[in-house]
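Below are the chains, spelled out letter by letter.
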Amino acid sequence: MRLIPRPGRPVVFTAPLHDARTATVIGRLLGPAVVVCFATGLLSHVLQHPPGLLVDRLPSRPYWGYRLTQGLHVASGIAAVPLLAAKLWAVYPRLFAWPPVRSARHALERISVAVLVAAALFELFTGLLNTFQWYPWPFAFVPVHHAVGWLLFGSLLLHVAVRWPEIRDHYTRRSPGTLALPAADGPDRRELLLGVGAAVTAVTLTTVGQSVTALGPLELFGPRSPAHGPQGLPVNRTAAAAGVTREALLDWRLTVTGPRPYTLTLDELRAMPQHEVTLPLACVEGWSKSARWTGVRVRDLLERAGGGPRAGARVVSLEAAGAYRVTEMGRHHAQDPLTLLALRINGEVLSLDHGHPARIIAPNRPGVLQTKWVGRLEVA
Ligand SMILES: Nc1nc2c(c(=O)[nH]1)N[C@H]1C(S)=C(S)[C@@H](COP(=O)(O)O)O[C@H]1N2
Ligand SMILES: [Mo]
């Protein structure tokens, strides 16, 4: 790249890699990554905070659905990091465009690009730190990450609309850049794109093992390797962090409320028909891991309390406080034969950190809703 500085004048960039074609080629990869990330993020948000009307409509199948979509959310976000870096590098000379504002339309366009860039940087930064459970900011992660996601998506749509002529020319190969610079497709750009491709492949392969078990051995940077943790599964919130102690569980009873409320001791629960399911725990933060769970079907517990065949449930944890102490379970999940109040994991009694004495495990459900240390089930 050649810089031609002139006193009192803007810097001029003449390298072909900073042309519209490079920006478009990278945008063609970055755009879909952002769209996949946005769509899967929105889905995750709806599953975690379903609007009242939706609770009973959320499907419990395919059982691996959330593992796939949340794995895609985190993987597309991670892949977008090198893509965004390359894109910003390709277009940053435009920051120095002269004159900085040519017209009202131009000013608006520059503002919209500023919003787009800021929102994209913010989403990737906060999302990435969230996968490490690191929150060095004064706001709540979930609502802000969600709101800025909409801002990012909206400004992306606007950007594509404004830039449509260049994008269309790129596809129809009538790009003025290509005509004016016949060498623009030379090794320069190819090398840049190969480099970007290699970076995307590297960050994906070294992190995706956190949700794709077969690629686990390649996982270097996934923040919480699914391979580690007691009983073959990582722990997100420990019993100590949740304030749940062994003493508090000494006279534990499961309370089930409904038309015919009852309570059960752990021995009574163990005496009920036990079922075994293999289901993944898929954390919103990107890791997931399958385990063998044994316990009592939630629908059997609800039915015994007088819940009909369409009953949903409310699950209440013993944990004193915390965003996920109480969760709603729609009827498709509550009635699914795979949904258990699990007492055992991989053949062992649940450890305290995994939710002893009883926890929820349900198909196609975010990890945050797989409530641990369950104390009460309510027919809803
Ligand atoms: N009561 C309660 N249950 C909870 C949580 C919690 O904070 N409190 N964390 C959830 C989250 S975020 C995840 S990913 C899973 C993790 O389960 P594990 O620690 O057994 O792997 O438990 C869920 N169950
Ligand atoms: Mo989680």
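Residues numbered from 1 in each chain as written. Chains lettered and ligands numbered in written order. Predicted model: local features only at pLDDT ≥ 70, side-chain atom pairs only at ≥ 80, totals over all residues. Heavy atoms only, no water.

A.B. asks: What is the right way to look at the sheet that holds strand β2 (residues 262-264) in this model?
C.D. replies: Neighbouring strands of a sheet are bound in pairs by backbone hydrogen bonds; such pairs are parallel or else antiparallel. The five strands are arranged β2-β1-β10-β5-β6 in an open sheet whose pairing can be described as mixed. Edge positions in the sheet fall to β2 and β6 (326-329), since each has one partner strand and no second. Across this sheet, the average inter-strand angle for adjacent strands is 20°, counted without regard to direction. With three bridges joining them, strand β1 (residues 254-257) and β2 adopt antiparallel strand pairing. The residue of β2 that forms the bridge with Val256 is Tyr262. (Pairing = 2+ DSSP bridges. Helix = DSSP H or I, 4+ residues; strand = E, 2+ residues; numbered from the N terminus. Axes fitted to C-alpha atoms, helices over the stretch in contact; angles between N-to-C directions.)

A.B. asks: In this structure, what is going on with the site of ligand 1? I would like to understand it.
C.D. replies: Lining the immediate surroundings of ligand 1 are 19 residues, of which Pro234, Glu319, His354, Arg359 and Lys372 lie closest. The contact in question runs from a nitrogen atom of ligand 1 to an N or O atom on the side chain of Ser317, over 3.1 Å. At a separation of 2.7 Å, a nitrogen atom of ligand 1 approaches a polar side-chain atom of Glu319. For ligand 1, the protein covers 96% of the area, taking 520 Å² as the surface of the free molecule. Across the shell around ligand 1, the residue classes tally to eight nonpolar, six polar and five charged. (Near = heavy atom within 4 Å. Polar contact = N/O pair within 3.5 Å; in protein donor to acceptor, adjacent residues only side chain to side chain. Areas by Shrake-Rupley, 256 points an atom, 1.4 Å probe, with all protein chains shown as cover. Nonpolar A, V, L, I, M, F, W, Y, C, P; charged D, E, K, R; others polar.)

A.B. asks: Looking at this structure, how should I read the pairing of strand β10 (residues 374-379)?
C.D. replies: Looking along a regular strand, one sees side chains alternate from face to face of the sheet. Summarising the sheet, β1 and β10 pair through three bridges and their orientation is parallel. Note that in β10 the partner of Val256 across the bridge is Leu377. Summarising the sheet, strand β5 (residues 313-317) and β10 pair through five bridges and their orientation is antiparallel. Among the inter-strand pairings, Val315 is bridged to a residue of β10, identified as Leu377.

A.B. asks: Looking at this structure, how should I read the packing of aromatic side chains?
C.D. replies: Ring pairs (aromatic) are described by centroid distance and by the angle formed between their planes. Scanning the entire structure with this criterion turns up eight aromatic pairs. Summarising the aromatic geometry, the rings of Phe38 and Phe153 are spaced 4.2 Å apart at their centres and angled 10° between planes, so their arrangement reads as stacked. Of this pair, Phe38 sits in helix α1 (residues 20-48) while Phe153 sits in helix α4 (residues 141-162), and the two are 115 residues apart along the sequence. Ring geometry for Tyr135 against Trp137: centres 6.0 Å apart, planes inclined by 75°, an arrangement best described as edge-to-face. Here Tyr135 falls in the partly exposed class, since its relative accessible area comes to 38%. Above the face of the Tyr262 ring, Arg304 is positioned so that its terminal group lies 4.8 Å from the ring centre. (Phe/Tyr/Trp six-rings, centres within 6.5 Å; stacked < 30°, edge-to-face > 60°. Buried < 20%, exposed > 50% of the residue type's maximum accessible area, 1.4 Å probe, protein only. Lys NZ or Arg CZ within 6 Å of the ring centre and 35° of its normal.)

A.B. asks: What is the right way to read unusual backbone geometry from this model?
C.D. replies: Trans peptide bonds make up the majority, and among non-glycine residues the majority have a negative phi. In this structure, the amide linkage connecting Arg61 to the following residue, Pro62, adopts the cis form with an omega of -5°. The residue Pro62 is located in the loop between α1 and α2 (65-91) in this model. Of the consecutive residues His356 and Pro357, the connecting peptide bond is found in the cis state with omega at 5°. Counting through the fold element by element, Pro357 comes out in the loop between β8 (348-349) and β9 (359-361). Of note, the phi angle at Asn346 is positive, near 45°, even though the residue is not glycine. On the basis of relative accessible area, Asn346 is assigned to the partly exposed category, the value being 29%. Of note in the backbone geometry, Trp373 takes a positive phi value of approximately 55° without being a glycine. Position of Trp373 relative to the elements: it lies in the loop between β9 and β10. The class for Trp373 is buried, based on a relative accessible area of 3%.

A.B. asks: For this particular structure, what's the right way to read the nonpolar core?
C.D. replies: Across soluble globular proteins, nonpolar side chains have a tendency to be buried as a group. Trp252, Leu254, Leu269, Leu301, Met329, Leu341 and Ile360 are the most contacted members of the largest nonpolar core, which has 30 residues in total. Those elements giving two or more residues to this core turn out to be α8 (239-242), β1, β2, α9 (266-271), α10 (298-304), β5, β7 (340-345) and β10. For Ile360, the contacting residues outside a window of four places in its chain are Val298, Val315, Met329, Leu340, Leu341, Arg365, Leu369, Gln370, Thr371, Val374 and Leu377. Listed in part, the 21 residues of the second largest apolar core include Ala79, Ala80, Leu116 and Leu152. (Core = buried A, V, L, I, M, F, W, Y, C linked by side-chain atoms within 4.5 Å. Contact = heavy atoms within 4.5 Å.)

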